[in-house]
Amino acid sequence: MTETEVFNVLSQIPDPEIPVISIKDLGILQGVKIENNQVFIDITPTYSGCPAMKLVEDLIHESLAGKGFDSVQVISKLTPVWTTDWLSDDAKRRLEEFGIAPPEKTSPNKSWLSAEGPKIIRCPLCKSENTIMVSQFGSTACKAHYKCADCLEPFDYFKCI
Amino acid sequence: MDLKEALREFCVRQGDDAVVLSHRVTEWCGHGPILEEDIALSNIGLDLLGQCQSLLNYAGQIKGNGRTADDYVYRRPENLFKNCLLVEQENGNYANTIARHFFYDVYHFYLLEGMQDSKDEFLRGFAQKSIKEVAYHIRHSSNWVLRFGDGTEESHAKIQEAVDFIWRYTGEMFENDEIHRTLAEAGIIPDYETLKSKWDAKVNEILAEATLIRPDQTFMATGGRTGIHSEKLGFLLSEMQYLVRAYPDAKWD
Ligand SMILES: [Zn+2]
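Residues numbered from 1 in each chain as written. Chains lettered and ligands numbered in written order. Predicted model: local features only at pLDDT ≥ 70, side-chain atom pairs only at ≥ 80, totals over all residues. Heavy atoms only, no water.

Description of the packing of helix α2 (residues 35-61) of chain B against helix α6 (residues 121-149) of chain B
Residue and element names in this part refer to chain B.
- Where α2 contacts α6, the axes come no closer than 11 Å and their chain directions differ by 155 degrees. Accordingly, the angle class assigned to the pair α2 and α6 is roughly antiparallel. Judged by the sense of rotation from one axis to the other, the crossing of α2 with α6 is left-handed. For the pair formed by α2 and α6, the contact residues are Glu37, Ala40, Leu41, Ile44, Asp47, Leu48, Gln51, Ser54, Leu55 and Tyr58 on the first element and Phe122, Leu123, Phe126, Ser130, Glu133, Val134, His137, His140 and Trp144 on the second.
- A per-class count over the contact of α2 with α6 returns 11 nonpolar, five polar and three charged. (Axes fitted to C-alpha atoms, helices over the stretch in contact; angles between N-to-C directions. Helix = DSSP H or I, 4+ residues; strand = E, 2+ residues; numbered from the N terminus. Parallel < 35°, antiparallel > 145°, perpendicular 65-115°, else oblique. Left-handed = near helix turned anticlockwise from the far one by under 90°. Contact = heavy atoms within 4.5 Å. Nonpolar A, V, L, I, M, F, W, Y, C, P; charged D, E, K, R; others polar.)

Below is the structure:
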């Protein structure tokens, strides 16, 4: 297998927490290198403490088992620093269909400290823009908790960072 | 002082802050005052745990002593932990927890901000990543300081009491010892005087907005950075390390 072929195989692995997008869509899968029949795979965590990283590693090993490589090494890197800007428009569409409001583009504000401005998060269910943030912290590290003031359903918003 | 020694010690201090504070917040898991807060604190604890892992694994690589984050966290007695006394303070009521976090978050945020252009490649990337997470932490704790302070008579009294109690543990974060000076001179971490003035400005701003009084107490407790802790850390570690010490061969799966 070539590096591109390995990359394509790994691109099929769904994110363990959001199965409608792959680890490639999400930007966790960073690159593949093959040297002397050994594979080196770079991955980067979405959040420092993302508990799905170990599972992602296992899934990578699983999908390359029996492919004839002498060894498979998964290397976790912090840089380039993960950002939701890496999500493609297509991935964002699939997120919304799945019921998770997709992230906005990150603001150019480098300070990170200023509270997020008033932004409009569209309800993924009824598409109303009349929504309210319940908590900055949601069901997983990468999501905030919102509710829709029209259809009254709660939903997750994929925080932009 | 040897630069590598200083760097390793600094990473151990920061990693220990993160793991001890992470353990404290997860003590709220299942006991939070409302579900959203239970979830918020668990998320914050998870961020800190991830940061601790990166820092302590890196510490183990410096000068090749080969220890992993697990070795550091599970196999050291309390006098080898270098976290500041602030983070080991007990949760108390929710105002106590929030006050402890608020003072630490402000320090943590500006420290990371100053490390975003660190001369050390690892710390630079680490800071660029972690600051995005800590921005959420500081917004969370300062929002609660504001809500409690500018809330009811009871919430105001509780947060003021919490601020007054925890204040004595805030000085230790800015003790400018040889380790900090060595690293600041090498452009690896920000200068602690600047860090302190940014912290003061932010703390004053939020306390004033929350109608709280900044304590004028000048006595500051010290010892954590050199391994002299309150008895509270021992209890925390005995819980955290229990499984690994009782069953040294235990493994996941
Ligand atoms: Zn709706």
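Moving on, there is more to tell.
Comments concerning the nonpolar core
- In this structure, Ile41 and Ile60 of chain A are the most contacted members of the largest nonpolar core, which totals 114 residues.
- Among the elements that line this core, the one with the most residues is helix α5 (residues 94-115) of chain B, at 14 residues.
- Mapping this core onto the domain boundaries places at least three of its residues in each of domain 1 (3-82) and domain 2 (88-158) of chain A.
- Residues in contact with Ile60 of chain A, not counting those within four places in the same chain, are Leu10, Ile13, Ile23, Ile41, Ile43 and Val74 of chain A.
- Judged by nonpolar contacts, the second largest core, of nine residues, contains Ile121, Cys123, Phe155 and Tyr157 of chain A. (Core = buried A, V, L, I, M, F, W, Y, C linked by side-chain atoms within 4.5 Å. Buried < 20%, exposed > 50% of the residue type's maximum accessible area, 1.4 Å probe, protein only. Domains from an automatic or database assignment.)

A look at the domain arrangement of chain A
All names here are of chain A.
- We note that the domain assignment places domain 1 (3-82) and domain 2 (88-158) within chain A.
- Taken together, the contact pairs nine residues of domain 1 with 10 residues of domain 2.
- Buried surface at the junction of domain 1 and domain 2, both sides included, amounts to about 860 Å², of which 75% is carbon and sulfur.
- The tally of links from domain 1 across to domain 2 stands at one salt bridge.
- The residue Asp25 makes a salt bridge to Arg94 at a minimum N-O spacing of 3.0 Å.
- Between the two partners, domain 1 and domain 2, sit two residue pairs in polar contact (both at pLDDT 80 or more).
- Partitioning the side of domain 1 that touches domain 2 into residue classes produces seven nonpolar, no polar and two charged. (Buried area = accessible area lost by both parts, 1.4 Å probe. Salt bridge = Lys/Arg side-chain N within 4 Å of Asp/Glu carboxyl O. Polar contact = N/O pair within 3.5 Å; in protein donor to acceptor, adjacent residues only side chain to side chain.)

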